[in-house]
Amino acid sequence: MAGTAGRAAKAMRAGHQASAGELLELVRSGRATTRGALQQATGLSRATVGQRLDRLFRAGWLREGAGGPVDSPQGGRPSITLEFDDEHAVVLAADLDTRHGRAAVVSLSGEIQAEHHGSLRIEDGPDAVLGELGRWFAELLEKAGQRADAVCGIGIAVPGPVDTDTGKVVQPPIMPGWDGYDIRGRLGRAFAEHAGIKTAGGATGAGVTRSGARIPVLVDNDANLMAYGEQRTGYPDCSAFALVKVSTGIGAGMVVGGSIYRGVDGGAGDIGHIRVGADALCRCGSYGCLAAVASGGAVARRLAESGVPATSGSDVRDLLTAGHPEAMALAREAGRQVGDVLATVVTLLNPGVLMIAGDLAGTPFLTGVRELLYQRALPRSTAHLDVVTSRLGERAGLVGAGALVVEYLYAPERVEERLAALGV
């Protein structure tokens, strides 16, 4: 909740009367979890707090927990704590790589209830890939014992730059045929078709919840959502967090002040296309990009040229796991090249945590990164920097996609819209 938890208090200091959505945010963030604490935090009367909470209870979004501390200094009975009810709905999440996909049913608290991983080739195009993903979602719901109308939203991570306002990828170097495609509409229709639920009249075809509301589909870059998932679960107090994913390509995600930093139009973090002076041809059409010389795909190409069977970052990962000496040497060299670029990134962003993730995120690559990073960056920029590897592993994108949907749906202003739609 970092980055959003203070909005209600700030608004109230300006004389604004807290809405039901802002009360829910205070409860979810843990800043006020009893009726008395909500009164103190908002300045609302007991009756008004009760009215606001009643709407949240009727929606099924709040529940009463165990007795908490006594609100009054004069003593009395323990107050009843309030909790966000994370069982009233679920989220569908997906994370696409160039050759594989991963999908899951995720609780509102981030717990993965059912998961599937399989071959899903980006180059087969969005219609086929998203259609198959819709089928996975329907099967996963059955596996998790959840009804289709329990789904409140869908989040999907893709390996390309995303305009989050439209949910469309913009000139993605490694996603042929996806540029400008309506991912939201196609995925919504595919899920509705395979789950056997009706579609919203006049809309894009996304399925609807039991309340009759359309299921929102949120799309973001994979490195962004990996960073979001890792920061929220492992480093919630880190105000500047950076994750670099090195797989078939190279991309970075940044979480600043608790929110994903995307830049003006979603292009932030695309460090794989920084020029490093080499003459290798990149898939984007330019020469000398970092991804052309230091990505998993680049390492695989060099291995193949020397007679080692490898075509992708996942092949390199398997070779590294097996301790293949040439793969380990090339991974360390790639790490040094990436570390050279990251010295600039660290100097600019000054993060507290720099996380290395993806197919190459093992000891050889990490060693190379550290060698050049600490050599090139100013000591002031690295004095409080932790360089680490992923905690969530291949689930990071799923966790981040689920969290993105939850934060979107339960933001105060959207809570008010949804409560009105429910008629409570």
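For clarity, every value in this text was computed on a predicted model and none was experimentally measured.

Draft legend 1. Representation of helix H6 (residues 183-195) within the structure. Between its first and last C-alpha atoms H6 spans 18 Å; for 13 residues at 1.5 Å apiece the expected length is 18 Å, and the two agree. Turning to H6, its buried residues are Ile 183, Gly 185, Arg 186, Leu 187, Gly 188, Ala 190, Phe 191 and Ala 192. Buried residues belonging to H6 abut strand S3 (90-96), helix H5 (126-144), strand S6 (151-158), strand S8 (168-169) and strand S9 (217-221). Just downstream of H6, Gly 196 is the residue with a positive phi angle, here 70 degrees.

Draft legend 2. Representation of the sheet that holds strand S4 (residues 100-107) within the structure. Taken together, 5 strands build an open sheet; the order of strands is S5-S4-S3-S6-S9 and the sheet is mixed. Here the strands that pair on one side only, and so sit at the sheet edges, are strand S5 (112-119) and S9. Strand-to-strand twist across the sheet, computed as the mean angle between neighbouring axes with direction ignored, equals 15 degrees. Note that S6 and S9 share 5 bridges and pair parallel. When the bridges of S9 are listed, Ile 154 appears paired with Val 217. With respect to the sheet, H5 is in contact with S3, S4, S5 and S6, its orientation differing from that of S4 by roughly 40 degrees.

Draft legend 3. Local environment of the nonpolar core. If you look at the biggest cluster of nonpolar residues, it comprises 52 residues, and the most contacted ones within it are Leu 38, Leu 56, Phe 241 and Tyr 410. When residues in this core are grouped by element, the largest group, 8 residues, is from helix H14 (residues 396-409). Not counting residues within four places of it along the chain, the set of residues in contact with Leu 38 comprises Leu 23, Leu 26, Val 27, Ala 32, Gly 43, Val 49, Leu 53 and Leu 82. Ranked by size, the runner-up nonpolar core spans 43 residues in total, among them Val 246, Ala 294, Val 316 and Phe 365.

Draft legend 4. Main features of the side chain of Arg 28. Tracing the chain through its elements places Arg 28 in helix H2 (residues 20-29). The class of Arg 28 is buried, set by a relative accessible area of 18%. Within the local environment of Arg 28, its side chain forms a polar contact with the side chain of Glu 407, the two groups lying 3.0 Å apart.

Draft legend 5. Molecular detail of the side chain of Ser 295. On the secondary structure map, Ser 295 appears in the loop between helix H8 (290-294) and helix H9 (296-305). Residue classification places Ser 295 among the buried positions, given a relative accessible area of 1%. Within the structure, Ser 295 has its side chain in polar contact with the backbone oxygen of Thr 248 (distance 3.1 Å). Filtering out sequence-adjacent residues up to four positions away, Ser 295 remains in contact with Val 246, Ser 247, Thr 248, Gly 249, Ile 250, Leu 290 and Leu 360.

Draft legend 6. Looking closely at the packing of H9 against helix H11 (residues 325-349). The geometry of H9 relative to H11 is characterised by a closest axis approach of 10 Å and an angle of 140 degrees between their N-to-C directions. In terms of axis orientation, H9 runs oblique to H11. At the point where H9 passes H11, the crossing takes the right-handed sense. On H11, the residues touching Val 299, Arg 302 and Leu 303 of H9 are Glu 326, Ala 327, Leu 330, Glu 333 and Ala 334.

Draft legend 7. Inspection of the confidence of the model for the chain at higher detail. This prediction gives the chain a mean pLDDT of 90; 90% of its residues lie at or above 70. Scored below 50 in pLDDT, residues 200-205 shows 11 contacts in the model against residues more than four places distant or in partner chains.

Draft legend 8. Layout of the pairing of S4. Of all the 8 residues making up S4, 7 are buried; the element is thus mostly covered by neighbouring parts of the structure. Taken together, the 7 bridges between S3 and S4 define a ladder with antiparallel strand orientation. When the sheet's bridge partners are listed, Asp 95 is paired in S4 with Arg 102. Joining the antiparallel neighbours S3 and S4 is a turn of 3 residues. With 7 bridges connecting them, S4 and S5 associate as antiparallel partners.

Draft legend 9. Structural view of the sheet that holds strand S10 (residues 240-246). Spatially, S12-S11-S10-S13-S14 is the arrangement adopted by the 5 strands of the open sheet, whose pairing is mixed. For this open sheet the edge positions go to strand S12 (259-260) and strand S14 (386-389), each flanked by a neighbour on one side alone. Bridging between strand S13 (residues 353-357) and S14 involves 4 bridges; their strand directions are parallel. Counted as the bridge partner of Met 355 is Val 388 from S14.

Draft legend 10. Just the pattern of salt bridges, in detail. Taken as a whole and assessed by the stated rule, the structure comprises 27 salt bridges. Note that Arg 186 is salt-bridged to Asp 127, the shortest N-O span being 2.8 Å. In this pair, Arg 186 is assigned in helix H6 and Asp 127 in helix H5, connecting sequence segments 59 residues apart. The exposure class assigned to Asp 127 is partly exposed, which follows from its relative accessible area of 46%. For Glu 333, the salt bridge goes to Arg 302, with nearest N and O atoms at 3.1 Å. One end of the pair, Glu 333, is in helix H11; the other, Arg 302, is in helix H9, with 31 residues separating them in the sequence.

Draft legend 11. Quick peek at unusual backbone geometry. If you check the backbone angles, Gln 171 has positive phi at about 45 degrees while not being a glycine. Classification of Gln 171 as exposed rests on a relative accessible area of 64%. Although it is not a glycine, Asn 350 sits at a positive phi angle of roughly 55 degrees. Within the secondary structure, Asn 350 sits in the loop between H11 and S13.

Quick notes on the rules
- Residues numbered from 1 in each chain as written.
- Predicted model: local features only at pLDDT ≥ 70, side-chain atom pairs only at ≥ 80, totals over all residues.
- Heavy atoms only, no water.
- Helix = DSSP H or I, 4+ residues; strand = E, 2+ residues; numbered from the N terminus.
- Expected span 1.5 Å × (residues − 1).
- Buried < 20%, exposed > 50% of the residue type's maximum accessible area, 1.4 Å probe, protein only.
- Contact = heavy atoms within 4.5 Å.
- Pairing = 2+ DSSP bridges.
- Axes fitted to C-alpha atoms, helices over the stretch in contact; angles between N-to-C directions.
- Core = buried A, V, L, I, M, F, W, Y, C linked by side-chain atoms within 4.5 Å.
- Polar contact = N/O pair within 3.5 Å; in protein donor to acceptor, adjacent residues only side chain to side chain.
- Parallel < 35°, antiparallel > 145°, perpendicular 65-115°, else oblique.
- Left-handed = near helix turned anticlockwise from the far one by under 90°.
- pLDDT = per-residue confidence, 0-100.
- Salt bridge = Lys/Arg side-chain N within 4 Å of Asp/Glu carboxyl O.

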